[in-house]
Amino acid sequence: MTETLINIEKPVLKVRDLSIAYEAGKYAVKEINADIESKAITAIMGPSGCGKSTLLRAFNRMHELYPNIKTKGAIYLNDKDIHEMSTIELRRKIGMVFQRPNPFPTMNIYENVIAGYKLNGIKLKRSERDEIVEKSLTNVTLWDEVKDSLFKKGTFLSGGQQQRLCIARAIAFNPEVLLLDEPTSALDPVATARIEDLLVDLKKDYTILLVTHNMSQAARISDNSMFMYLGELVEYGKTDTMFTNPKDPRTEGYLTGKFG
Amino acid sequence: MAVNKIPAFIDNIDGRNKKNKLFLGLVIAMSLLTVVPIFFIISKIIINGIGQINFNFFVQTSPDSLQAMTAITNNETIPGGIANGIMGTFLIVLVSSVMAIPVGMMIGIYLYENQDRRYSNILRNITEILQGVPSIVLGIISYLWIVKNITNGFSAFAGSVALSIMMLPMIIRSTEETMKMIPNEIREAAFAMGAPYHNVILRVLIPTGFSGLSTGILLSLSRILGETAPLMMTALGSSVINYNITKPTSAVPLLIWEFYNDPNMVKLVWSSSLFLMAFVLTLNILSRRIAAKRKIGKKR
């Protein structure tokens, strides 16, 4: 499976022989090798049930929340094995945004942004907190919309605003990597476009891994693309090359709409 | 498609209508049969009890038989009140809540987190059995454990132990049901930030499920407020206001029983019942309102 590795200088994440099984012998992810480019958007595509969400969750070990999970192989974050790091340390460095916007319903917008600090019991001075909140919300272009209602509940925002709030919550911790699990699939086209612009903006500072169902979204904003099928990494390369000249017939079939 | 044969039921449409009306009447009659007694109970308690309700009723301790007899022969309202019972009830219920709520919530959260384990199923069954244990049996158990061995005498604490065991099943169940209602995305969001398990529970799950949890707690409180039998064997009763949990203590339902046994104080039975019923009713209505107001995940 070494052919799926593409040459990337100084990758931030390295996946080596990663296999994940939910039941003995039933692999959701099979022997994946990949290097992830730093400060770029890498899209993970594939039909439903191909293991793309499981792979994404493996990067911050969220897949371990499922019972009876078996993981083989390794993932290195800056040459350090993530299975040797504590989940608290790891998840501070690798933030995550989910499919449906999920701000904490009992917290207001301000508390939602600094929820990561609060939930980990990290004490901050008021000025530091204010700065983090303003900077994070500005980065996700939400500050102007909510600066007068910071102390209202986050659930009163629109879906797109809520999703940007969730991205702000993830980047408030200043992570190195941002994982996004189909972040726009519950949003309307206008909100989707804003999130896409935002992601292109954010890749200056963060390495972004994006699971998407939407091929045109991958084509629009990603630098590199992975195509997964039945748990295998079928093809991995520069997005431009892959969309114009796919090497594997399965990738071509998916991209031309023959299945998926 | 042409109708060749008229189905038999159309022939008999009048008979069907009559049957319908008969059945409707029967249903209405039966529902009245349940509503009417409640109406009579409430009106009887209010009519008989309201006469004794005044400020002193809430701040003075219960009168003795002689005072009551004198008042009745002079055609006055009976002096004194049920302050010893009210304070005792508060003390006993408070102590049992302090014991039952944290334990019950922890068990409920455990059951939710480990739904399919063998041990969870056993625990669930035990909870159900516990719910079916008659309250007087819990009173006997508490008598053996606490009165005989720990406080060496009747005490409010022994009553609290019996009542907290009664509260447990309801709190366990309502906690588990509430946790099931919290969207999984909320838990994932907390875990994705690396939050340690206890913080996910304390700062995310419990605040998010607050309305469900408090509804369960209020309902379990309203259930134990009227319990008399276990308290007879444990708290015993007291004619003075008592704040010491190792001493015998009165409670409103205990007072009702005492008043009932004294022919001079029958009037006080009604007013104490009125107080207890109004209190339980208020708790019930409050818990319903909380439940209706803050449905989890409604605004998403």
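Each value, and the rule that gives it
- Residues numbered from 1 in each chain as written.
- Chains lettered and ligands numbered in written order.
- Predicted model: local features only at pLDDT ≥ 70, side-chain atom pairs only at ≥ 80, totals over all residues.
- Helix = DSSP H or I, 4+ residues; strand = E, 2+ residues; numbered from the N terminus.
- Rg over C-alpha atoms; globule rule 2.2 N^0.38 Å.
- Buried ≥ 20, exposed ≤ 12 C-beta atoms within 10 Å, placed from the backbone.
- Core = buried A, V, L, I, M, F, W, Y, C linked by C-beta atoms within 7 Å.
- Contact = placed C-beta atoms within 7 Å.
- Pairing = 2+ DSSP bridges.
- Nonpolar A, V, L, I, M, F, W, Y, C, P; charged D, E, K, R; others polar.
- pLDDT = per-residue confidence, 0-100.
- Expected span 1.5 Å × (residues − 1).
- Arc of directions from axis to C-beta.
- Axes fitted to C-alpha atoms, helices over the stretch in contact; angles between N-to-C directions.
- Parallel < 35°, antiparallel > 145°, perpendicular 65-115°, else oblique.
- Left-handed = near helix turned anticlockwise from the far one by under 90°.

**Q** Outline the overall build of chain B, supporting the account with residue identities and numerical values.
**A** A count of helical and extended segments in chain B gives 14 helices and zero strands. Going from N to C terminus, chain B has its helices and strands arranged as α-α-α-α-α-α-α-α-α-α-α-α-α-α. At 26 Å, chain B has a C-alpha radius of gyration far larger than the 19 Å of a compact globule built from 300 residues. When its C-alpha atoms are laid out on the principal axes, chain B stretches across 90 × 65 × 35 Å. Considering chain B as a whole, with its 300 residues, one finds that 38% of them fall into the buried category.

**Q** Can you tell me about the nonpolar core, naming the residues and giving the values?
**A** Counting residues in hydrophobic clusters, the biggest one holds 83 residues, and the most contacted among them are Ile44(A) and Leu209(A). It is helix α7 (residues 159–171) of chain A that provides the largest number of residues to this core, a total of six residues. Apart from residues lying up to four places away in sequence, Ile44(A) is in contact with Lys52(A), Leu55(A), Leu56(A), Leu209(A), Leu210(A), Val211(A), Met226(A) and Met228(A). Within the second largest apolar cluster, 53 residues are counted, among which are Leu138(B), Leu231(B), Phe259(B) and Phe275(B).

**Q** Any details on the pairing of strand β10 (residues 232–238) of chain A? Residues and values, ideally.
**A** Residue and element names in this part refer to chain A. Alignment of strand β9 (residues 224–229) against β10, held across six bridges, turns out to be antiparallel. By the bridge assignment, Ser 225 is partnered in β10 with Gly 237. Between β9 and β10, which pair antiparallel and follow one another directly, the connecting turn spans two residues, one of which, Leu 230, has a positive phi of 50 degrees.

**Q** Could you give an account of the sheet that holds strand β2 (residues 26–36) of chain A, with specific residues and numbers?
**A** All names here are of chain A. The strand order β2-β1-β4-β5 describes an open sheet built from four strands, whose pairing is antiparallel. With one partner strand each, in any of the chains shown, β2 and β5 (80–81) form the two edges of the open sheet. Bridge count for strand β1 (residues 13–23) against strand β4 (residues 70–77) is seven bridges, and the pairing is antiparallel. Within β4, the residue paired with Ala 21 across the bridge is Lys 70.

**Q** Would you mind going over the interface of chain A and chain B in detail, with residue names and values included?
**A** The interface of chain A with chain B comprises 21 residues on the first partner and 18 residues on the second. Elements with a contribution of two residues or more to the side of chain A that touches chain B: α2 (87–93) and α4 (115–119) of chain A. When its residues are assigned to classes, the side of chain A that touches chain B shows nine nonpolar, eight polar and four charged.

**Q** Requested: an account of the confidence of the model for chain B, with residues and values cited.
**A** All names here are of chain B. When pLDDT is averaged along chain B, the result is 89, and 94% of the positions lie at 70 or above. In the predicted structure, residues 296–300 sits below a pLDDT of 50 and forms nine contacts with residues beyond four places in sequence or in another chain. Taken over the whole predicted complex, pTM reads 0.80, whereas the ipTM for its chain interfaces reads 0.85.

**Q** How would you summarise helix α5 (residues 126–139) of chain A if you had to cite specific residues and measurements?
**A** Residues and elements named next belong to chain A. Taking 1.5 Å as the rise per residue, α5 with 14 residues should run 20 Å; its terminal C-alpha atoms sit 20 Å apart, in good agreement. Within the span of α5, buried status applies to Ile 132, Val 133, Ser 136 and Leu 137. Viewed along the axis of α5, the buried residues span an arc of 115 degrees, placing them on a single side of the element. Residues of α5 that are exposed and angled more than 90 degrees away from the buried face: Ser 127, Glu 128 and Glu 131. Turning to α5, the residues buried within the fold contact α3 (109–113), α6 (143–146) and α7. Of the residues one or two after α5, Thr 141 is the one with positive phi, at around 55 degrees.

**Q** Please provide a residue-by-residue account of unusual backbone geometry, values included.
**A** Even without being glycine, Asn174(A) reaches a positive phi, approximately 55 degrees. Within the secondary structure, Asn174(A) sits in the loop between α7 and β7 (177–181). Asn174(A) gets classed as partly exposed once you count the C-beta atoms within 10 Å, which come to 15. Look at Leu236(B): it is not a glycine, yet its phi comes out positive at around 70 degrees. One can find Leu236(B) in the loop between α12 (229–234) and α13 (252–260).

**Q** Can you break down the packing of α7(A) against helix α8 (residues 189–202) of chain A residue by residue, with the values?
**A** All names here are of chain A. Between α7 and α8, whose axes approach to 9 Å, the crossing angle comes to 20 degrees. Overall, the two elements α7 and α8 adopt an arrangement that is roughly parallel. In this structure, α7 crosses over α8, and the sense of that crossing is right-handed. Where α7 abuts α8, its residues Gly 159, Gly 160, Gln 163, Arg 164 and Ile 167 lie against Ala 191, Arg 194, Ile 195 and Leu 198.

**Q** So what's going on with the environment of Val27(B)? Residues and values would help.
**A** Mapping Val27(B) onto the fold places it in helix α2 (residues 13–49). When the C-alpha atoms of Val27(B) and Asn242(B) are compared, they prove to be 51 Å apart, with 215 residues separating the residues in sequence.

**Q** Explain the pairing of β2(A) to me, and be specific about the residues and the numbers.
**A** All names here are of chain A. Across seven bridges, β1 lies against β2 in antiparallel orientation. Considered in β2, the bridge of Glu 23 is made with Lys 26. Turn length for the β1-β2 hairpin, with the two strands adjacent in sequence and antiparallel, is two residues, and the turn residue Gly 25 shows positive phi of about 85 degrees.

**Q** Could you give an account of helix α14 (residues 266–293) of chain B, naming the residues involved and the relevant values?
**A** Residue and element names in this part refer to chain B. Between its terminal C-alpha atoms α14 stretches 41 Å, which fits the 40 Å expected from 28 residues at 1.5 Å a residue. Residues Leu 268, Val 269, Trp 270, Ser 271, Ser 272, Ser 273, Leu 274, Phe 275, Leu 276 and Ser 287 constitute the buried set of α14. Packing partners of the buried residues in α14 comprise α2, α3 (55–59), α11 (210–225) and α13.

**Q** Please set out the sheet that holds strand β6 (residues 94–97) of chain A residue by residue, giving values where relevant.
**A** Residue and element names in this part refer to chain A. Taking strand neighbours across the sheet as the criterion, the six strands line up as β6-β7-β8-β3-β9-β10 in an open arrangement whose pairing is mixed. The open sheet has two edge strands with one neighbour each: β6 and β10. Here the strands of the sheet are splayed against their neighbours by 15 degrees on average, with no regard to which way each runs. Pairing of β7 with strand β8 (residues 207–211) involves five bridges; the strand directions are parallel.

**Q** Describe the environment of Thr192(A), listing the residues and the values that go with them.
**A** Residues and elements named next belong to chain A. Assignment of secondary structure puts Thr 192 in helix α8. Classification of Thr 192 by C-beta neighbours within 10 Å gives partly exposed; the count is 18. The sequence separation of Thr 192 and Arg 92 amounts to 100 residues, and the corresponding C-alpha distance is 26 Å. Those residues within four positions of Thr 192 in sequence are excluded, and the remaining contacts are Thr 184 and Leu 187.

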